[in-house]
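Here is what each chain is made of, one letter per residue.
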Amino acid sequence: MDQKVIALPYPIAQSLVSWFALHARELPWREGCDPYAIWLSEIILQQTRVDQGLQYYLRFLERFPTVTDLARASEDEVLRLWQGLGYYSRAYHLHKAAQIIEQKHHGQFPSDYKTIQSLPGIGAYTAGAIASFAFDQPYPAVDGNVLRVISRLLASDLPIDTPAGQKLCTQAVEELLESKLSPRILGQALIELGALICTPKSPQCDQCPIQAQCQVAGLPRATELPLKRGKLKIRTRYLNFVCCEYERQILIGKRDRNDIWRGLYQLPLIESEVPIHREEIAEQLQALLHLSETPSLRSPQNQRHKLSHQQLFITIYQTELLAPPHPLPKALQWVASSELEHYAFPIPLKRFLEDRGM
């Protein structure tokens, strides 16, 4: 191991554990050590606030009480339950990992760290969280909260979005785990401290159990840390959807797996890098569906949808087709408007369809 970075690992670890015993939030996945429940909570809470993710966690656990139940569900059912949570690759990987656990491990969640990390959608943090929270093994679980706590504790000038910055923080957590205190409790205490006390904008240093050891506690520098190398470049996209109706049926298709909203359903899409006029959209739709006449598009609805790395300008049109497309593109299918509730759509499209009673 590199030179020690934590001067007093045991006192800091002991203070964190004692503080957690008094201030930990009561969350359902903390009621036991079920690795399936812990894994489910960790996947749901990636890029998601606890208050938003809680209802999804409870819904998933009610519908799929065991990893076997999840493995045997259809992909569409999993995506429908995930609908609205965003970052849909999480749901896809969750389902695939459950199937692997069912097939290769007979429905028993593996306890070996490397085996856990080999499952789809599980990186170093999630593997560490499951190994420590469920099996009390001394593996670091370093998320954004922990990176912030450790960066401030050490007054680190290393950006946390660089390998060097992440390595430093991981090493610091590993040194705290050498205290031999429960990895399950210590790991959760670090995360909880970042969530409740050592918050991004207004850290409550006067309430921090390790303020005596923190190098920036109560100083203006506390709000300047952690440092980041640079901002993520935001991509702008223009998504023009058309709700094509024919005899109370709607034309839909499944999205590609290599893009946002992977595996969800959508209306016929004309995408562009710059705004395009209704007439051009109608012409492209005519070519896409092999229509004999250019369709008339009406009732445009404009939405703006921001993702972590993309800015989406969404326009949704409606058109009543005079005849069904022939041949129908393989990627599309007709669905009765009364059956749309059984399909998972991105939230902007789901709201559009619901507003029209579909």
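What comes next is a walk through the structure.

1. Overview of the nonpolar core
1) Next: Core analysis: the biggest nonpolar cluster contains 99 residues, and Trp39, Phe60 and Ile150 have the highest contact counts within it.
2) Next: Apart from the residues lying within four places of it in its own chain, the contact partners of Phe60 are Leu40, Ile44, Leu70, Val78, Leu81, Trp82 and Leu94.
3) Next: The next biggest cluster of nonpolar side chains, apart from the first, holds 14 residues, and it includes Cys244, Leu251, Ile276 and Leu285.

2. Thoughts on the environment of Arg304
1) Next: By the secondary structure assignment, Arg304 is in strand S5 (residues 298-306).
2) Next: Along the chain, Arg304 and Pro348 lie 44 residues apart, while their C-alpha atoms are 8.9 Å from each other.

3. A short note on the packing of aromatic side chains
1) Next: Counted by the stated rule, this structure contains nine aromatic pairs.
2) Next: Relative to Phe64, the ring of Phe60 has its centre 5.8 Å away and its plane inclined at 55 degrees; by these criteria the two rings are tilted.
3) Next: Judged by relative accessible area, which is 0%, Phe60 ranks as buried.
4) Next: The interplanar angle of 5 degrees and the centroid separation of 4.3 Å between the aromatic rings of Tyr113 and Tyr139 together place this pair among those described as stacked. Residue Tyr113 is found in helix H7 (residues 113-117), and its partner Tyr139 is found in the loop between helix H8 (124-135) and helix H9 (144-154); the two are separated by 26 residues along the sequence.

4. Some details on the state of the cysteines
1) Next: For the structure shown, the criterion picks out zero disulfides.
2) Next: Here Cys214 is not cross-linked by a disulfide; its sulfur's nearest cysteine counterpart is in Cys205, at 6.3 Å.
3) Next: Overall, Cys214 belongs to the buried group, its relative accessible area being 19%.
4) Next: Sulfur of Cys244: no disulfide; nearest cysteine sulfur belongs to Cys243 and is 7.1 Å away.
5) Next: With a relative accessible area of 0%, Cys244 lands in the buried category.

Cut-offs used in this document
- Residues numbered from 1 in each chain as written.
- Predicted model: local features only at pLDDT ≥ 70, side-chain atom pairs only at ≥ 80, totals over all residues.
- Heavy atoms only, no water.
- Core = buried A, V, L, I, M, F, W, Y, C linked by side-chain atoms within 4.5 Å.
- Buried < 20%, exposed > 50% of the residue type's maximum accessible area, 1.4 Å probe, protein only.
- Contact = heavy atoms within 4.5 Å.
- Helix = DSSP H or I, 4+ residues; strand = E, 2+ residues; numbered from the N terminus.
- Phe/Tyr/Trp six-rings, centres within 6.5 Å; stacked < 30°, edge-to-face > 60°.
- Disulfide = S-S within 2.5 Å.

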